[in-house]
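Geometric and topological summary
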Amino acid sequence: MEHTLDVAAELKNLAVIRHFIEDSAKRLGAGLNTIEDLIQAVDESAANIILHGYKGRSGKIVVEIRKEGSALVVCLRDQARPFDPTRVPPPDLTLPLEERRLGGLGVYLTRQLTDGMSHRVTSEGGNELTLRKKIR
Amino acid sequence: MNISVSQAQGRVPVAVLSVQGDLDASNYQDLIAKAKDIHRTGTGHILLDLTHTSFVSSSGLVAIHSIAMLLRGEELPDTEHGWASIHAVGQKLPPGAQPYLKLLNPQPKVDRTLEKAGLKGFFEIHTDLSTAVASF
């Protein structure tokens, strides 16, 4: 079973996306912690698309969630400029605070909260970000 | 998200800033603006009541950090620099030493977000209002 949401890429729709993920993940049999982690990860990813991908330009985000084996898989598709968040290096937590790199908190949290993240440029030149979360 | 402000009196006047609902990229600047209003009126101590805060994204964490910086009389960070903004708060003080901003009663989901972002150690977290107010 697959659930799909198609919304305008606007910050006010982050709540709509979170509710969609919560409802869909429940229907697909995920537990509370899995759902909460996925909501946060998808919110961070969608906010990055809106703020750093579209940068105020109009567009849309398509969110698709499905169950694959013992995991939930979420795909976020957009028509923003190509950007691969998986190439954002993780922060080195062993460095002194003042030496840590700038940016990337949302991507860092997304990595922390999921079991896999991949990206591809679509045939239309947009982005498809796939998040995988084991059902616990 | 709704924000309400009440005043409490401990050894010093404390503004209790309560956030009801989701704190995300669509509204985190409203929270910073409210804290600026409080600061302008001369109140230098804020207790951020997270009892009814159901969700905090990385943008919300940046808002919390920005309020801490504001109350310390420092220039607000560039909120585009999420990770650095969060951790800049710990550059000059030891963990748990934020004297002007403390947190009240974050719910488990929000508490996990604070922890995963590495922010939890930088703030005193209380579970009781009167104890929190008296701690300033």
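Residues numbered from 1 in each chain as written. Chains lettered and ligands numbered in written order. Predicted model: local features only at pLDDT ≥ 70, side-chain atom pairs only at ≥ 80, totals over all residues. Heavy atoms only, no water.

Another point: the packing of helix H1 (residues 28-40) of chain B against helix H2 (residues 58-71) of chain B. Residue and element names in this part refer to chain B. In contact at an axis separation of 8 Å, H1 and H2 are set at 15° when each is read in the N-to-C sense. One way to sum up the angle between H1 and H2 is to call them roughly parallel. Handedness of the H1/H2 crossing: right-handed. Along its contact with H1, which presents Tyr28, Leu31, Ile32, Ala35, Lys36 and His39, the element H2 presents Ser59, Gly60, Ala63, Ser66, Ile67, Leu70 and Leu71. Here the residues of the contact of H1 with H2 are counted per class, giving 8 nonpolar, 4 polar and 1 charged. (Axes fitted to C-alpha atoms, helices over the stretch in contact; angles between N-to-C directions. Helix = DSSP H or I, 4+ residues; strand = E, 2+ residues; numbered from the N terminus. Parallel < 35°, antiparallel > 145°, perpendicular 65-115°, else oblique. Left-handed = near helix turned anticlockwise from the far one by under 90°. Contact = heavy atoms within 4.5 Å. Nonpolar A, V, L, I, M, F, W, Y, C, P; charged D, E, K, R; others polar.)

Here we take up unusual backbone geometry. At lysine 55 of chain A, a position not held by glycine, the phi torsion is positive, near 50°. Of note in this structure, asparagine 105 of chain B is not a glycine but carries a positive phi near 55°. Mapping asparagine 105 of chain B onto the fold places it in the loop between strand E5 (101-104) and helix H4 (108-116).

Residue and element names in this part refer to chain A. Within the element layout of this structure, isoleucine 65 appears in strand E2 (residues 60-68). Judged by relative accessible area, which is 0%, isoleucine 65 ranks as buried. Along the chain, isoleucine 65 and glutamate 2 lie 63 residues apart, while their C-alpha atoms are 5.9 Å from each other. Setting aside its immediate chain neighbours within four residues, isoleucine 65 contacts Met1, Glu2, His3, Phe20, Ile21, Ser24, Ala25, Leu28, Leu38, Leu72, Val73 and Val74. (Buried < 20%, exposed > 50% of the residue type's maximum accessible area, 1.4 Å probe, protein only.)

Residue and element names in this part refer to chain A. Taken as a whole and judged by the stated rule, the model has 20 salt bridges over all chains. Aspartate 37 is the partner of lysine 133 in a salt bridge, and the nearest nitrogen-oxygen pair spans 3.0 Å. With a gap of 96 residues between them, lysine 133 in strand E5 (residues 127-134) and aspartate 37 in helix H2 (residues 32-54) connect regions that are remote in the sequence. Of the residues examined, aspartate 37 reaches a relative accessible area of 8% and is grouped as buried. Bridged by salt links that share partners, the residues Glu64, Arg66, Glu68, Arg77, Arg120, Glu128 and Arg132 form one connected network. (Salt bridge = Lys/Arg side-chain N within 4 Å of Asp/Glu carboxyl O.)

In this section: the pairing of E2 of chain A. Within a regular strand, the side chains alternate between the two sheet faces. Residue and element names in this part refer to chain A. One ladder, built from 7 bridges, connects strand E1 (residues 2-8) with E2; its direction is antiparallel. In the strand pairing of E2, histidine 3 is matched with isoleucine 65. Connecting E2 to the antiparallel partner strand E3 (residues 71-78) that follows it, the hairpin turn spans 2 residues, and glycine 69 within it adopts a positive phi of roughly 60°. (Pairing = 2+ DSSP bridges.)

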